[in-house]
Amino acid sequence: MSTPNSTISTARRWWHRGSADHGWLKTFHTFSFASYYNPQWMTFGCLRVVNEDRVAAKTGFPTHPHNNAEIFSYIINGKLTHKDSIGNVETLQRGEVQFTSAGSGIRHSEYNDHPNDECHFLQIWYTPRQRNLPPKYYTLPQVKDEEKTNKLMTLIRDVDTFTPEEREKTGLLPVGRAIPAHCSLTTRTSILTPGNSVKHILGHESKQSAGERWSFIHLAMTSGYKDPNALKKQVQKDIAGYTQHKDRLEHAARYCKSVYGVTPNLTGDASKGQVNKLKATDPEKARVTLTYAQSRDGKIAGENKKMLALSNAESMIMTHSLRILHDGILVGVNTLINDNPQLNARLLNPLLDGKEVPLDALPRPIVIDSKLRTPLDCKLLNNARQGTGKKPLIFTSANGEEAKATALREAGAEVVKVTTDANGHLSWSDLLTALRQEHQIESVMIEGGATAIESLLAAHAEQTLINELIVTVAPNNVGEKGLSYRAPKWVTKQTLPKEKNANSLANTNSLAPLQCDPQMFQSDVILTWSQGKNDKEEAQIRIGDQLLSEGDGVFLRGGQVGEEVEITNVGDRNAEFLLFDIEPEEGDDY
Ligand SMILES: NC(=O)C1=CN([C@@H]2O[C@H](COP(=O)(O)OP(=O)(O)OC[C@H]3O[C@@H](n4cnc5c(N)ncnc54)[C@H](OP(=O)(O)O)[C@@H]3O)[C@@H](O)[C@H]2O)C=CC1
Ligand SMILES: Nc1nc(O)c(N)c(N[C@@H]2O[C@H](COP(=O)(O)O)[C@@H](O)[C@H]2O)n1
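What counts, and where the lines are drawn
Residues numbered from 1 in each chain as written. Chains lettered and ligands numbered in written order. Predicted model: local features only at pLDDT ≥ 70, side-chain atom pairs only at ≥ 80, totals over all residues. Heavy atoms only, no water. UniProt positions renumbered as here; feature names shortened; annotations may be inferred. Near = heavy atom within 4 Å. Polar contact = N/O pair within 3.5 Å; in protein donor to acceptor, adjacent residues only side chain to side chain. Areas by Shrake-Rupley, 256 points an atom, 1.4 Å probe, with all protein chains shown as cover. Helix = DSSP H or I, 4+ residues; strand = E, 2+ residues; numbered from the N terminus. Nonpolar A, V, L, I, M, F, W, Y, C, P; charged D, E, K, R; others polar. Buried < 20%, exposed > 50% of the residue type's maximum accessible area, 1.4 Å probe, protein only. Contact = heavy atoms within 4.5 Å. Pairing = 2+ DSSP bridges. Domains from an automatic or database assignment. Axes fitted to C-alpha atoms, helices over the stretch in contact; angles between N-to-C directions. Disulfide = S-S within 2.5 Å. Arc of directions from axis to C-beta. Right-handed = clockwise from strand over helix to strand, strands pointing away.

- Where an unreviewed UniProt entry is consulted, the protein chain appears under the name 2,5-diamino-6-ribosylamino-4(3H)-pyrimidinone 5'-phosphate reductase, with the organism given as Meira miltonrushii.
- The annotation that UniProt attaches to the protein chain under Function (unreviewed entry) is "Catalyzes an early step in riboflavin biosynthesis, the NADPH-dependent reduction of the ribose side chain of 2,5-diamino-6-ribosylamino-4(3H)-pyrimidinone 5'-phosphate, yielding 2,5-diamino-6-ribitylamino-4(3H)-pyrimidinone 5'-phosphate."

**Some points on the site of ligand 2**
Then, in step 1: Taken together, 18 residues surround ligand 2, and among them Leu 308, Leu 310, Ser 311, Gln 342 and Arg 346 come closest.
Then, in step 2: Between Ser 311 and ligand 2, the recorded distance is 2.6 Å, taken from a side-chain N or O atom to a nitrogen atom.
Then, in step 3: Here an oxygen atom of ligand 2 sits 3.0 Å away from a polar atom, N or O, in the main chain of Leu 343.
Then, in step 4: Here ligand 2 loses 86% of its free accessible area of 520 Å² to cover by the protein chains.
Then, in step 5: At the level of secondary structure, the elements contributing two or more residues to the shell around ligand 2 comprise helix H4 (313-325) and helix H5 (333-339).
Then, in step 6: Broken down by element, the shell around ligand 2 gets its largest block of residues, three residues, from H4.
Then, in step 7: Residues of the shell around ligand 2, tallied by class, amount to nine nonpolar, five polar and four charged.

**Observations concerning the site of ligand 1**
Then, in step 1: Lining the immediate surroundings of ligand 1 are 29 residues, of which Lys 305, Thr 335, Ser 370, Thr 451 and Ser 455 lie closest.
Then, in step 2: In the model, an oxygen atom of ligand 1 is placed 3.4 Å from a nitrogen or oxygen of the Gly 332 main chain.
Then, in step 3: One nitrogen or oxygen atom from the side chain of Trp 428 is found 3.4 Å from a nitrogen atom belonging to ligand 1.
Then, in step 4: Contact with the protein chains removes 92% of the 920 Å² of surface that ligand 1 exposes when unbound.
Then, in step 5: In terms of residue class, the shell around ligand 1 is made up of 13 nonpolar, 10 polar and six charged.

**Examining helix H8 (residues 428-438)**
Then, in step 1: The complete set of buried residues in H8 reads Trp 428, Ser 429, Leu 431, Leu 432, Ala 434 and Leu 435.
Then, in step 2: Contacts from the buried residues of H8 go to strand S19 (287-294), strand S20 (328-332), strand S21 (364-368), strand S22 (393-396), strand S24 (443-448) and helix H9 (450-462).
Then, in step 3: Gln 440 occupies a position one or two residues after H8 and carries a positive phi of about 55 degrees.

**Some thoughts on the pairing of strand S8 (residues 89-92)**
Then, in step 1: Alignment of strand S7 (residues 80-84) against S8, held across four bridges, turns out to be antiparallel. Looking at S8, one finds that Lys 83 is bridged to Val 89.
Then, in step 2: What sits between the antiparallel neighbours S7 and S8 is a turn of four residues, in which Gly 87 has the positive phi angle 95 degrees.

**Re the domain arrangement of the protein chain**
Then, in step 1: For the protein chain, the assigned domains are domain 1 (8-224 + 546-582) and domain 2 (235-536).
Then, in step 2: The C-alpha centroid of domain 2 is placed 43 Å from the C-alpha centroid of domain 1.

**Re the sheet that holds strand S16 (residues 185-192)**
Then, in step 1: Spatially, seven strands are ordered S1-S30-S18-S32-S16-S13-S15 in an open sheet, and the strand pairing comes out mixed. At either margin of the open sheet sits one strand with a lone partner, and together these are strand S1 (8-12) and strand S15 (179-181). Direction aside, the axes of adjacent strands within the sheet are offset by 20 degrees on average.
Then, in step 2: One ladder, built from three bridges, connects strand S13 (residues 153-158) with S16; its direction is antiparallel. Its bridge partner being in S16, Thr 154 is matched across the sheet by Arg 188.

**Observations concerning the state of the cysteines**
Then, in step 1: For the structure on display, the rule yields zero disulfides.
Then, in step 2: Cys 183 supplies the cysteine sulfur nearest to Cys 46, a cysteine that is in no disulfide, at a spacing of 3.8 Å.

**Side note on the UniProt feature "domain: Pirin N-terminal" (unreviewed entry) in the protein chain**
Then, in step 1: In this numbering, the UniProt entry assigns the feature "domain: Pirin N-terminal" (unreviewed entry) to residues 21-125.
Then, in step 2: End C-alpha atoms of residues 21-125 are separated by 21 Å, and the span's content is 0% helix alongside 56% strand.

**Comments concerning the UniProt feature "domain: Bacterial bifunctional deaminase-reductase C-terminal" (unreviewed entry) in the protein chain**
Then, in step 1: Feature annotation in UniProt assigns "domain: Bacterial bifunctional deaminase-reductase C-terminal" (unreviewed entry) to the following positions: residues 288-482.
Then, in step 2: Helix and strand shares over residues 288-482 are 31% and 19% respectively, and the end C-alpha atoms of the span are 26 Å apart.

**A few points about helix H6 (residues 379-386)**
Quick reminder: α-helices carry 3.6 residues per turn. Residues three or four places apart thus point the same way.
Then, in step 1: Along H6, the residues that are buried comprise Leu 380, Leu 381 and Asn 383. One side of H6 holds all its buried residues, which, seen down the axis, span an arc of 160 degrees.
Then, in step 2: As for H6, its buried residues are in contact with H5, S21 and helix H7 (402-410).
Then, in step 3: Note on H6: the residue one or two positions beyond its end, Gly 387, has a positive phi of about 80 degrees.

**Regarding the pairing of S20**
Then, in step 1: Burial runs high along S20: five of the five residues are buried.
Then, in step 2: Of the two faces of S20, the one carrying Gly 328, Leu 330 and Gly 332 and the one carrying Ile 329 and Val 331 are both buried.
Then, in step 3: The pairing of S20 with S24 spans four bridges and is parallel. Bridge pairing in S24 places Gly 328 opposite Val 444.
Then, in step 4: Relative to S21, S20 runs parallel, the two sharing five bridges. The partner of Gly 332 across the bridge, within S21, is Ile 368.
Then, in step 5: Chirality of the crossover, the property in question, places the unit of S20, H5 and S21 among those that are right-handed.

The following block contains the structure:
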């Protein structure tokens, strides 16, 4: 899951691309195209157009002219008939690739003749380095999915890497031959099955032997059309006057879906496994969401650790929605003593028409408490005794504290021993293993406080433990007397990269490969980093610290010829993508 160290990566999210729904054509534009114009997104080296089109049955693009562009269609589903002014007529289907070097000028049409089915295809344009070349047409023999599964297949490469005889061949090319393009670019494709990776070496099959090399990877929307207008309407609703609890619950549910691929569902019988809970992604350990709320100036509590309502009503409902998706919620013993929390999901009661969330569906409270300082009269124990909360699970290392352990057990807790780490803290690794192996906790949400956050982040630097990191940032300042978690030691040892974006910072902190996408919950900003191993209904790939969903792309700049880019399928579905490896030219920008 690597990219060269020097790489700067910029994600191009599906919902941020230009898009249009003309009825007969649904289209996304990575770069400015047709009526979509954004000077920030014009070209990437010789890559000028990356469109993802869905053409309805019995419609298409009527005859239109092109010149000085190299146009490439990659069919994902359906059929597309191409006709042009140099006499080519061809119907393309899945696994077929067609390339037109328009040169001094051609006219062509692209039409979906099928009576019922839409045609889904990618259309890519390159800018050739020479103008007014003679127009040419190429197709590749149909490629079966198996031939490009878990390996990269080159579709197009620089004409200068072909022999003079190979350059002369047009039309249907022999099996295994790539198409020649008049630019310094290699275009490759692959279908990655879940859990598999491919490695691309920058400059592969190009004539460039050294220097900088850019790449762009686009993950196709193979599971279906994602409607940007529906999303836009939803977002407008999200940010405009939230007054209804129901709207807030819906917003929280959508957020959970986007992060985990599941929504909180409380209508089923939890004892029969009918309530959605996150599944572990590691057979050994519980999966972990680390989540907390902080002020804009980075404080998680006030002076003398005073508990503060940092989250607003809407983000608090989101927090309770997260709670219900997990089998357990863990806090440090100081939080327990200080805040006396309930760690339940009472804000979701309206989902059940005001009835209490049933006990079976609630997460189990977990406390890390080496010296058994948990107060016998805390709310967690009271709730367990009254049947409104599950039996708290207290992890300890205490030796010779049998009397307190017995008292806690009598008060309704389960007290379990776990090893300590080099810092004298309970070992996160052993604790997560114990949760999964011995206590049937597949997923745990860790809420804090400060000491727990910093020790977990430090442990994660040694061994990947955190699946999701979700931080609510409230728009207020607490002031210098507030409580913040300290940067773990390994952050201060490192030099921050020049480009201090969240992703590179995550890298520096060994939190790669995680990805950050902010979301607004009223005036709170929720930051989300995820490893991406979730039950998503769509394909997901990871490239360095970027996690791509279907329809997303990523631009990589700054890598050098010979360096490696690894692409990994982290979802549960096949991921079909195109990779463009480009030699940037003097003055190229994007
Ligand atoms: N804004 C937010 O989202 C949240 C804020 N908070 C705030 O945090 C504050 C409490 O934070 P803080 O005082 O730092 O205490 P914590 O709640 O983080 O508890 C820390 C204590 O837990 C015990 N512990 C056992 N194992 C570990 C381990 N592996 N790593 C870390 N601690 C371990 C230690 O006590 P021992 O040695 O006795 O075992 C340690 O001192 C409160 O003010 C609370 O309001 C809390 C949660 C969320
Ligand atoms: N998400 C979030 N936002 C805040 O503003 C907070 N203060 C907290 N605190 C956490 O929630 C616990 C209280 O839980 P209950 O309301 O009693 O269920 C507190 O102990 C912190 O863990 N979280």
